[in-house]
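What follows is each chain in one-letter form.
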Amino acid sequence: MVGKVSDRVLLREGLERTDNGMKMTSWPDVPPINQKNYYTDYMKRDDQILSFRLQNEANRDRLVQNAKDRDRAINANGEVPLPLDDEDGAGPSTSFMDPSKIIVIHPGSQNLRIGFASDALPKTVPMALATKYPQTESEMREALPRRQFEGRSMDQQHGEEWSKKYQKMCNDLKIDMRANKRKVLPNSKDLVVNFNRRIEPETISQHNDPLQIEWTDINASQEPQSISPVFIGQQALRVPDDSDPKFKLWWPIQHGWLNEDDYPTRAHLFNDIETLLDRTFRWELGLKRTADWKQYSCVIIIPDLYDKRYVELLLHVCIELFEFGRVSFIQESMAATFGAGYTQACVVDVGAQKTSIACVEDGLCIDDSRINLKFGGHDVTETFIKMMLYDNFPYQEINLRRRYDFLLAEELKIKYCTLSQANISVQNFDFHLRAPNQPTRKYQFKFYDEVILAPMGFYDPSIFDNSTKLRGRRKLVDRSYNAYDVELPDDPISAAQLAILALIQPSVTATATTATSFAGAPPDVATPSKERSQPFNFLARNGDVTGTPGTSKAPSPAPDGASTPVPPPYIFGSSRDLGSPAPSARNGGGTPAPANGASTTFQGTSFDGVAQTQPQPHQRTAKSLAIEHDAVLPIAPLDIAIMTSIQNAAKGDEKKVRELLGSIMVVGGGAKIPHFAPFLEERLKQRRPDLAEKILVSRSAREMDEQVVVWKGASVFAKLPTNDSWITRFEYGMLGGRVLHHRVLWQY
């Protein structure tokens, strides 16, 4: 042990201390934080969030203004007036309470429904624009329905595989009709084919056609000062295909997504959405002066499973470009329950090109129950025409990409398609083909079972043409990513939707081990819940129907309060309900509903030591899983999708299953097919015969048109005196798209 060294030795070694003992700096020393016991209140109080603070300030200003108005009235009249507004401080500013100053917008794939909150019904505008272009859409794309025109037989034209599916559906319908004691003639199909084959059109002169169509005059633009004329809505659909110069029809939204396939650039796509809304405000709502738009508010209806880029685009357009005073968002299923007056329902919204299913409880969507299927009424139209062409439809040149043929096909579907077997018989009908610059032609034709087989495609989607629905996906607009981890997709996802994707491609349910995740942060499904037997077994695949349930890698759940994993960092949009087997947007994976319907299997949990040490062959990031999800087209029979949605909403609670099965509400224009709701109810009863007496499928309440129920519900929502979901220009300028996380009524 070395003793104390004297100053003389230090001096000889050159180590003598020469300072005066003062500190190197006057900056105060900060002791290190005690890691075992520390606390912070950051982002734990409402007054620390800008949106809540602005709301409280607005309520305080309103109370002060009401008090000033009362004092002024007392001094003038000597009487105390009645209060004009509630005094609880919860209502918004009175300047925005006028329903005639609130615009409700419901954009869809085929139609845009728009109007003031004070209107009884919305205005319906086709979601299309027509602009000058070297080629029309019928010249650029192949004909619809897709077929090989050079084929000699119908099987060669439409494909042998599709022909076999069609013949199988015909035979199954005959068996079903005989089982229901319906009269089935053995030669009905031959009568239809032979009659249609020999029909020749009858030409009708122009002065003998009282219902002649007035086509759009391309030289009479509503805005003469504009350099390039643009037509929207019905005017766009009435632009002649052989016009000079030529016009092309653009549809900004297709299949419930932004139409990235038809557009060359993202700027063109966004500009068309802005132009369509701008012209609609001016021509349909009469808002000619842009300076007056600051006095208006706006409620926008978005899908239940939405793309965040799409929502942020609409918010930016309405706040920055149109300069509305306030903007609010509401989901389609929430709006449907508002319109019908239901507090709990399973909403089935059948649109033109997508069908969405979601269970609503107490005015909010259950996240795990949301399903978005990519088929709708337009697929029924296309399949109906394809079946008619297979049976020698007399107008063989029909092409749904031509505008007048598209309108004709929609008219035929609305008139003749049904789901009632009582109306199936060989009948003779006629239709008029009105094309621009051509005389009207009258055709006679017969049909038999095509009118019921086309809408039955909802329960057998393989009969639809699904080959191009994913074409161009993510070509122009990338998915949304987390604000704190740029490699982490955060678009909303649900367990029910993943179960539908797993029905098509089982690998999508494999849990990803994210290489970009935070150190020590387990996936959101790290805490397994108690395994329950699934109430439905409709997702069983042919190769996976064994009765042996899959075993979980986790031997047992961790006890409460012991060995708790380190919680993950705060992430916008991540789900915190760890008791649910649903994956969140944070990891993008998980096992929402097992394919064999036996038990829930959780893989790669945080306390699974064996799984952590063994090599994992399927080690994928959350981004790669999101890419795989985007590559799978969500298509499933409608009755199975409804049962899957209810299964994930109830989470094994049999009482809630019965309640949701008894409150299924069908809305949307695609559900206007006659006998749609009773047919769906029969299919669901076949799936669950033990609960047949509990199943009830109803149309919208109060005999309201199914197409406007969602818009009507949003107008009711817009007029609520207490509504905390309004986004102002100041908030958007401060926070940008992040303001949606604090303002929308659901987990964004």
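Everything discussed here concerns the structure shown above.
Computed from a prediction, not measured in an experiment: that's the story for all the values here.

Overview of the pattern of salt bridges
Next up, step 1: Counting across every chain of the model gives 44 salt bridges.
Next up, step 2: Here Arg-403 and Asp-241 are joined by a salt bridge, their closest N and O atoms 3.8 Å apart. Of this pair, Arg-403 sits in helix H12 (residues 403–416) while Asp-241 is found in the loop between helix H7 (233–237) and strand S7 (247–250), placing the two residues 162 residues apart along the sequence. An identical accessibility class is assigned to Arg-403 and Asp-241; each is buried.
Next up, step 3: One salt bridge in this structure joins Arg-474 and Asp-307, with 3.9 Å as the shortest N-O distance. Taken together, the residues Arg-474 in the loop between helix H13 (450–453) and helix H14 (495–504) and Asp-307 in the loop between strand S10 (297–302) and helix H9 (308–321) connect sequence positions 167 residues apart.
Next up, step 4: Looking at Arg-474, the relative accessible area reads 18%, which means it is buried.
Next up, step 5: On the basis of relative accessible area, Asp-307 is assigned to the buried category, the value being 18%.
Next up, step 6: A single network of salt bridges, built from pairs that share partners, joins Glu-260, Asp-307, Arg-473, Arg-474, Asp-478, Arg-479, Asp-491 and Asp-630.

Things to note about H12
Next up, step 1: Along its 14 residues, H12 runs 20 Å from first to last C-alpha, staying within 8% of the 20 Å computed at 1.5 Å per residue.
Next up, step 2: Extensive coverage of H12 is indicated by the burial of eleven of its 14 residues.

Here we look at the pairing of strand S11 (residues 326–331)
Next up, step 1: For S11, the tally of buried residues reaches six of six residues, placing the bulk of the element in the interior.
Next up, step 2: The alternating pattern of S11 places Arg-326, Ser-328 and Ile-330 and Val-327, Phe-329 and Gln-331 on opposite faces, both of which are buried.
Next up, step 3: When S10 meets S11, the two strands line up parallel, connected through six bridges. Each bridged residue has a counterpart across the sheet, and for Val-299 the counterpart in S11 is Ser-328.
Next up, step 4: Each parallel crossover has a hand, and the one from S10 via H9 to S11 is right-handed.
Next up, step 5: Bridge count for S11 against strand S20 (residues 727–728) is two bridges, and the pairing is antiparallel. Within S20, the position partnered with Arg-326 by the bridge is Thr-728.

Some points on the sheet that holds strand S17 (residues 440–447)
Next up, step 1: Here we have three strands laid out as an open sheet, ordered S5-S17-S16, and antiparallel in their pairing. The open sheet has two edge strands with one neighbour each: strand S5 (202–204) and strand S16 (427–433). With strand direction ignored, the average angle separating the axes of adjacent strands in the sheet is 30°.
Next up, step 2: Of the strand pairs in this sheet, S16 and S17 are connected by seven bridges, and their pairing is antiparallel. Across the sheet, the residue bridging to Phe-429 is Phe-445, located in S17.

Reading the values: the criteria
Residues numbered from 1 in each chain as written. Predicted model: local features only at pLDDT ≥ 70, side-chain atom pairs only at ≥ 80, totals over all residues. Heavy atoms only, no water. Salt bridge = Lys/Arg side-chain N within 4 Å of Asp/Glu carboxyl O. Helix = DSSP H or I, 4+ residues; strand = E, 2+ residues; numbered from the N terminus. Buried < 20%, exposed > 50% of the residue type's maximum accessible area, 1.4 Å probe, protein only. Expected span 1.5 Å × (residues − 1). Pairing = 2+ DSSP bridges. Right-handed = clockwise from strand over helix to strand, strands pointing away. Axes fitted to C-alpha atoms, helices over the stretch in contact; angles between N-to-C directions.

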